[in-house]
Amino acid sequence: MSKIQSLRGMSDLLPDQSPSWQFLEAKVQSLLQSYGYREIRFPLLESTDLFKRSIGEVTDIVEKEMYTWLDRNGESITLRPEGTAGCVRAGEQNGLLRNQVRRLWYSGAMFRYERPQKGRLRQFHQFGAEVFGLEGPDIDAEILVMIARLWRDLGIHDHINLQVNTLGTAAARAEYRQALVDYLLARKADLDEDSQRRLDSNPLRILDSKSSQTQSLLDQAPCLHDFIDSESRQHFDAVCARLDSAGVVYEINPRLVRGLDYYGKTVFEWVTDSLGAQGTVCAGGRYDGLVEQLGGKPTPAVGFGMGEERLVLLLDAVGAVPDSVGRQLDAYLVAVGDVGHIAFEYSETIRSQCPQLRMQNHCGGGSFKSQMKKADRSNAEIALIVGEDEAATGNISVKYLREKKEQQLLPVADVVKLLNQL
RNA sequence: GUGGCUGUAGCUCAGUCGGUAGAGCACAGGAUUGUGAUUCCUGAGGUCGCGGGUUCAAUCCCCGUCAGCCACCCCA
């Protein structure tokens, strides 16, 4: 009988890795909240149509990467491949978006049926934030400045670069798309295979093809910026001006297009070269048409997603997580001899009076030596020792495991005092 | 979906030109009775990913399959 193992691309997050995740999550949450974002939670499962209508029918995500199946009632349902669609649906359905400004954030698992790779899993995790009801460039800039602050808080700002671009209005993009297709169609034979395929599926994606031959072909191609409408142009200039004054360094990349259909105007991508091929660590943009497209009133919106796995990978690669985050215990309680019940009493007294204390009671017996060994391996700062002598006199021996300090024999009440000063 | 590399102890890996396997770390016990990290001794732990084929004999060769890693595609 073979053992059951996890599904492909579904990984377990083990205790040794959780400090990095906790560090990341704590920083992100407190930063978002400090900018006035409020948490929203919505289901992992949604109607398949939600994603088809928002992400775009002909995108790779919808065509081949969604976990989709028929529910028992015959309805087609899908595990969310990204967060924006569900967030918009939840906001709209609950009346959050009616003529109001909303700053929302969320985090959680997303699912895409892809071949696993470094920084890419089938079940992966994202933080996302979406702002509704603001159409000006100020919020676009605020988001970018906020994210830049996050990188500083996390200690990874030296390893991430910002790329920005504007896609203009849907009309401008359609016009450009046609011009690009016309240009490339005439040179189809010189395009790489993938780009030839994209000519009719998603021509804009050809712009960030990795083929050098295709790239050199694009040098002479019509440029998106020449097609951008003046309003989008001004909007983008204003965003850039704010970034300049905030001291946020960025690169304007006219070939940056996002894969999801709903983006327009400002788009951006934060990229690192420390993670191999999956270097995009955070990406997003403006999607003023989506709420209406999903049945709501016209509502301007901007948002972004951040890949948690990728950020953790980067944090670890750079050594940005402080050691203190990993420490799980302050004290380890050793009980030697026939004193189990007394040690247990002591420990409960201590816990009641030291609510912050992280203490592990030794269970399972064993020699003094082996218990001390476990105390050491536990990474605790100190060992609290209860033996026959201590139990008989109401004392506890306090031994420092990480620093050179004399062992102390103290009454339980004094131990409480000492622990509260840690 | 495509390609390359890999799958042996809890972890990292070695190995057998085909005769059912070892190291380091980790774990458990001990080096005279209540003191951890160093050192020394001892021990436990593996149907060598799974299925099939060739063979007297396969963990090693062949085929298939599953999984992992990396890259393409795509994306966070």
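Residues numbered from 1 in each chain as written. Chains lettered and ligands numbered in written order. Predicted model: local features only at pLDDT ≥ 70, side-chain atom pairs only at ≥ 80, totals over all residues. Heavy atoms only, no water.

Asks: Would you mind going over the overall build of chain A with me for this structure?
Replies: When its secondary structure is counted, chain A shows 15 helices and 16 strands. What you see for chain A is a C-alpha radius of gyration of 28 Å, clearly larger than the 22 Å of a compact globule of 422 residues, by over 25%. Dimensions of chain A, computed from the C-alpha atoms along their principal axes, are close to 90 × 60 × 45 Å. When contacts within chain A are restricted to residue pairs at least 6 apart in sequence, those whose partners lie at least 24 apart make up 70%. Surface exposure of chain A reaches about 21400 Å², of which carbon and sulfur atoms provide 47%. (Helix = DSSP H or I, 4+ residues; strand = E, 2+ residues; numbered from the N terminus. Rg over C-alpha atoms; globule rule 2.2 N^0.38 Å. Contact = heavy atoms within 4.5 Å. Areas by Shrake-Rupley, 256 points an atom, 1.4 Å probe, with all protein chains shown as cover.)

Asks: Teacher, can you tell me more about the side chain of Asp330 here?
Replies: Here Asp330 is to be found in the loop between α11 (308–318) and β12 (331–335). Apart from the residues within four sequence positions on either side, Asp330 is in contact with Gln356, Leu357, Arg358, Ala380, Glu381, Ile382 and Leu422.

Asks: Looking at this structure, how should I read the sheet that holds strand β7 (residues 161–166)?
Replies: Backbone hydrogen bonds are what pair the strands of a sheet, in a parallel or an antiparallel way. Strand order in the open sheet made by the 8 strands is β1-β5-β6-β11-β10-β9-β7-β8, with mixed pairing throughout. Every interior strand has two partners, whereas the edge strands, β1 (38–39) and β8 (251–252), have only one. When β1 meets strand β5 (residues 102–111), the two strands line up parallel, connected through 2 bridges. Bridging from a neighbouring strand, Glu39 pairs with Trp105 of β5. (Pairing = 2+ DSSP bridges.)

Asks: Explain a negative patch on the surface to me, please; I cannot follow it from the model alone.
Replies: On the surface, Asp49, Glu57, Glu63, Asp71 and Glu75 cluster together to form a negatively charged patch. By secondary structure assignment, the location of Glu63 is in helix α3 (residues 60–65). (Patch = residues over 30% accessible without salt bridge, like charges linked within 9 Å, V, L, I, M, F, W, Y side chains within 5 Å. Salt bridge = Lys/Arg side-chain N within 4 Å of Asp/Glu carboxyl O. Lys, Arg positive; Asp, Glu negative; His and termini not counted. Charge placed at Lys NZ, Arg CZ, Asp CG, Glu CD.)

Asks: Would you explain helix α12 (residues 340–353) in this entry?
Replies: For α12, built from 14 residues, the straight-helix expectation of 20 Å at 1.5 Å per residue is met to within 8% by its first-to-last C-alpha distance of 20 Å. Taken residue by residue, α12 has Ala343, Tyr346, Ser347 and Ile350 as its buried positions. Down the axis of α12, the sector holding all buried residues measures 100°, keeping them to one side. Away from the buried face of α12 by more than 90 degrees, exposed residues His341, Phe344, Glu345 and Ser352 are located. (Expected span 1.5 Å × (residues − 1). Buried < 20%, exposed > 50% of the residue type's maximum accessible area, 1.4 Å probe, protein only. Arc of directions from axis to C-beta.)

Asks: Just checking my understanding: could you explain the protein's contact with RNA strand B for this structure?
Replies: Looking at RNA strand B, there are 51 residues lining it, with Arg112, Arg120, Arg198, Arg205 and Arg258 nearest. Per the 4 Å cut-off to the protein, sugar and phosphate atoms form 56% of the nearby atoms of RNA strand B. Contacts to RNA strand B include Val281, whose backbone N or O atom sits 3.2 Å from a sugar or linking oxygen. Note that a phosphate oxygen of RNA strand B is positioned 3.4 Å from one of the side-chain N or O atoms of Lys374. Going through the elements one at a time, α3, β6 (123–132), α7 (193–201), β10 (280–286), β11 (301–307), α13 (368–377) and α14 (388–393) are the ones with two or more residues in the surface near RNA strand B. No other element matches the 8 residues that α13 contributes to the surface near RNA strand B. For the surface near RNA strand B, the per-class residue count stands at 11 nonpolar, 15 polar and 25 charged. (Near = heavy atom within 4 Å. Polar contact = N/O pair within 3.5 Å; in protein donor to acceptor, adjacent residues only side chain to side chain. Nonpolar A, V, L, I, M, F, W, Y, C, P; charged D, E, K, R; others polar.)

Asks: Is there a simple way to explain the pattern of salt bridges in this structure?
Replies: Opposite charge on two side chains allows them to pair when their charged atoms are near. Scanning the model with the defined rule gives 17 salt bridges in all. With its nearest N and O atoms 3.6 Å apart, the salt bridge here joins Arg233 to Asp237. Separated by 4 residues within a single helix, Arg233 and Asp237 lie in helix α9 (residues 230–246), roughly one turn from each other. Given the relative accessible area of 39%, Asp237 is considered partly exposed. Shared partners join several salt bridges into a network, and the residues in it are Asp140, Arg286 and Asp288.

Asks: In this structure, what is going on with unusual backbone geometry? I would like to understand it.
Replies: What is expected of a backbone is that most residues other than glycine have negative phi and most peptide bonds are trans. Even without glycine at this site, Lys265 takes up a positive phi of about 55°. Within the secondary structure layout, Lys265 lies in strand β9 (residues 264–271). Take Lys265: its relative accessible area is 10%, and that puts it in the buried class. Although it is not a glycine, Asn379 adopts a positive phi angle of roughly 75°. Positionally, Asn379 belongs in the loop between α13 and β14 (382–386).

Asks: Help me understand the confidence of the model for chain A, please; the structure alone is not making it clear to me.
Replies: A low pLDDT score tells you not to read the predicted coordinates there in detail. Here chain A averages 92 in pLDDT, and 100% of its residues register 70 or above. Among the prediction metrics, the complex's ipTM stands at 0.88, with pTM recorded as 0.92. (pLDDT = per-residue confidence, 0-100.)

Asks: Could you clarify how one ought to interpret the packing of aromatic side chains in this entry?
Replies: Two descriptors summarise a pair of aromatic rings, namely the distance from one centre to the other and the angle between the planes of the rings. According to the stated counting rule, one finds 8 aromatic pairs in the structure shown. Here the aromatic rings of Tyr67 and Tyr113 are separated by 5.5 Å at their centres, their planes lie at 65°, and the arrangement is edge-to-face. One end of the pair, Tyr67, is in the loop between α3 and β3 (68–70); the other, Tyr113, is in the loop between β5 and β6, with 46 residues separating them in the sequence. Classification of Tyr113 as partly exposed rests on a relative accessible area of 44%. A connected cluster of aromatic rings, assembled from ring pairs, spans Phe132, Tyr262, Tyr263 and Tyr287. Here the guanidinium or amino end of Arg122 rests over the ring plane of Tyr113, the centre of that ring lying 3.8 Å away. (Phe/Tyr/Trp six-rings, centres within 6.5 Å; stacked < 30°, edge-to-face > 60°. Lys NZ or Arg CZ within 6 Å of the ring centre and 35° of its normal.)

Asks: Would you mind showing me how to read the environment of Val416 here?
Replies: With respect to the helices and strands, Val416 occurs in helix α15 (residues 412–420). Note on Val416: relative accessible area 7%, which makes it buried. Residues Val416 and Thr349 lie 67 residues apart in sequence; the distance between their C-alpha atoms is 8.7 Å. Not counting residues up to four positions away in its chain, the partners in contact with Val416 are Ile350, Gln353 and Cys354.

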